[in-house]
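Residues per chain, in single letters:
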Amino acid sequence: GQRLPTRAYEAKGDIPAFEMIKFSVNIPRGCFGGCSFCTISAHQGKFVSSRSERSVLREVRQVAGMPGFKGNLSDVGGPSANMYGMGGRNKALCAKCSRPSCLYPKICANLDNSHQRLLSLYKKVRTEKGIKKAFVGSGVRYDLFDKTDNGRYLRELIVNHTSGRLKVAPEHTEDRVLALMRKPPFAQFERLNEDFKKICH
C-alpha cells in the first residue's frame, strides 16, 4: 500500500533505485521471450500475468496523489513492457509446450500478440486526472509487434509514451550470436530504427 521504502532506510537519505521507480506502475509480470541469458521467466514465470485495467488505474490515481508528483509517470511497464494482455490462445497447448521461447525462432502460431488491450490501457492512463505524461521506461520487444496493426502501437509508443529514448534490447549485432541468445536477426532492429526515424520526422 504505501509505495515507500521500509523504515530501515529512513536515515540513509535518497535511495537511487527508489527514485527511479517512485512514480512508476508495473502492469505485467513474467516473460515468454525465453532469451537464453535471462532469468526473468525463471523467477517470474514464462506465462505473463497482466493486471486488470481497474487495478492499474487505481494505482495510477494513488501515484498522482503522492507528494512531489508533477504529472509524469516514469514507467507504465514491466519486464517486457509490451507483453501486457498477451498469451496463448489455447492454454492447453501452452501447458504441453516445451519451447523455451514463444518468439524465437519465430512467433508461435498460438500466441495472441495483439497490442489492442495495451493501447486501450495507455489511453485510459493518459486521461486520468493529474497525469500529464505516462512514459514507458521499460524495454519493449520489437519482435513482438503485431504486423496487422499497421505500426499503430509503435507510433503511439513513440509519440505519446517515450521520454527521451525508446528502450529496446538488440543485445548484439551479429546474427550468429543473436541466434544463440534466442533473439531476432539484427536486420529487424535496423527496420525498427528506420520506422523510428520516419515517425519522428
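Structure first, text after, so check above.
Nothing here was measured: the structure is a model prediction, and the numbers come from that model.

1. Section: the overall build of the chain
If you tally the helices and strands in the chain, you get eight helices and eight strands. Here the C-alpha radius of gyration of the chain, 18 Å, is about what a compact globule of 201 residues would show, namely 17 Å. Seen along its three principal axes, the alpha-carbon backbone of the chain occupies a region of about 50 × 40 × 30 Å. Within the chain, the proportion of its 201 residues that are buried is 41%. Across the chain, every contact between residues at least 6 apart in sequence was considered, and the portion connecting residues at least 24 apart equals 74%. About 11,800 Å² of surface is accessible on the chain, with carbon and sulfur atoms providing 54% of the total. One way to put it: in the chain the 35 positive side-chain charges average out to a point 5 Å from where the 18 negative ones average out.

2. Some words on the environment of S52
Mapped onto the elements, S52 comes out in the loop between β3 (49–50) and α3 (53–64). According to the relative accessible area criterion, S52 is partly exposed, its value standing at 41%. Residues S52 and Y84, 32 residues apart in the sequence, show an inter-C-alpha distance of 10.0 Å.

Calculation notes
By convention here, each chain's residues receive numbers from 1 onward along its written sequence. The predicted origin of the model limits local features to residues at a pLDDT of at least 70 and limits the giving and counting of side-chain atom pairs to 80 or more, whereas totals for whole chains, interfaces and linings rest on all residues. The basis for the side-chain values is all heavy atoms of the structure; hydrogens and waters are excluded. By the criteria applied, helices consist of DSSP H or I runs no shorter than four residues and strands consist of E runs no shorter than two, each listed in order from the N terminus. What the globule rule says is 2.2 Å times the number of residues to the power 0.38, and the radius of gyration is computed from C-alpha atoms. To sort residues, take the accessible area from a 1.4 Å probe on protein chains only and compare it with the maximum for the residue type: under 20% means buried, over 50% means exposed, and anything in between is partly exposed. We call two residues in contact when some of their heavy atoms are within 4.5 Å. Per-residue and other accessible areas follow the Shrake-Rupley method at a 1.4 Å probe size, with only the shown protein chains counted as cover for residues. A residue counts as positive if it is Lys or Arg and as negative if it is Asp or Glu; His and the chain ends are not included. Just so you know, the charge point we use is NZ for Lys, CZ for Arg, CG for Asp and CD for Glu.

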